[in-house]
Amino acid sequence: QAQLVESGGGLVQPGGSLRLSCAASGNISNIYYMGWSRQATGKHLELVAGITSDGSTNYADSVKGRFTISRDNAKNSVDLQMGSLKPEDTALYYCHIGGGGMNSYSYWGKGTLVTVSA
């Protein structure tokens with residue numbers, strides 16, 4: 001079992017920046033995938049960004065060029081640097097991790113709220 005704790009959420013003005021962090025701990029090893037997803041009120045959950053153990057990344061089209069995901073394998077942490085924020089980025093952001101192949105698993109944090117408003 002793993003515990004994921006997100007931090008860094010808050011209120012930011014449109015056009016501003018914010019950095020989210022997530023630290024994973026517990027009975028985990030060989031994390032293949034680390035990602036950030038979000039859910040706005042009344043909307044579906046969507047994948048924002050993900051990164052594999054070898055550094056490959058993927059981003060939702062809506063955040064491409066504005067957000068950057070990174071990870072520290074030694075610390076089992078993942079960050080999401082968000083820039084040029086828009087009101088539509090307002091959502092509860094969740095970090096999540098997963099194994100691959102026979103080591104498949106999935107753990108999610110409880111989320112951190114990001115509000116983009118003037």
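Keep in mind the model is a prediction, meaning the values are calculated, not measured. (Residues numbered from 1 in each chain as written. Predicted model: local features only at pLDDT ≥ 70, side-chain atom pairs only at ≥ 80, totals over all residues. Heavy atoms only, no water.)

Engineer: I tried to follow the side chain of serine 37 on my own but got confused; where do I start?
Structural biologist: Note that serine 37 resides in strand β4 (residues 33–39). What makes serine 37 buried here is its relative accessible area of 3%. At a separation of 2.8 Å, a polar atom in the side chain of serine 37 contacts the side chain of histidine 96. In contact with serine 37, other than residues within four places in its own chain, are Leu45, Glu46, Leu47, Val48, Leu92, Tyr93, Tyr94, His96 and Trp108. (Helix = DSSP H or I, 4+ residues; strand = E, 2+ residues; numbered from the N terminus. Buried < 20%, exposed > 50% of the residue type's maximum accessible area, 1.4 Å probe, protein only. Polar contact = N/O pair within 3.5 Å; in protein donor to acceptor, adjacent residues only side chain to side chain. Contact = heavy atoms within 4.5 Å.)

Engineer: Honestly, unusual backbone geometry in this entry has me stumped. Any pointers?
Structural biologist: Glycine aside, a negative phi is what most residues show, and trans is what most peptide bonds show. Even without a glycine there, the phi angle at asparagine 30 is positive, about 50°. Looking at where asparagine 30 falls in the secondary structure, it is placed in the loop between β3 (18–26) and β4. On the accessibility criterion, asparagine 30 (69% relative accessible area) is exposed. At asparagine 76, a residue that is not glycine, the phi angle is positive and equals roughly 55°.

Engineer: Mind showing me how you'd approach the state of the cysteines here?
Structural biologist: Disulfide: a covalent bond formed between the sulfur atoms of two cysteine residues. One pass over the full model with this rule turns up 1 disulfide. Disulfide pairing places cysteine 22 opposite cysteine 95 at an S-S distance of 1.9 Å. Torsion about the S-S bond of the cysteine 22 and cysteine 95 cystine: about 45°, corresponding to right-handed handedness. Of this pair, cysteine 22 sits in strand β3 while cysteine 95 sits in strand β9 (residues 91–98), placing them 73 residues apart in sequence. Residue cysteine 22 shares its accessibility class with cysteine 95, and that shared class is buried. (Disulfide = S-S within 2.5 Å.)

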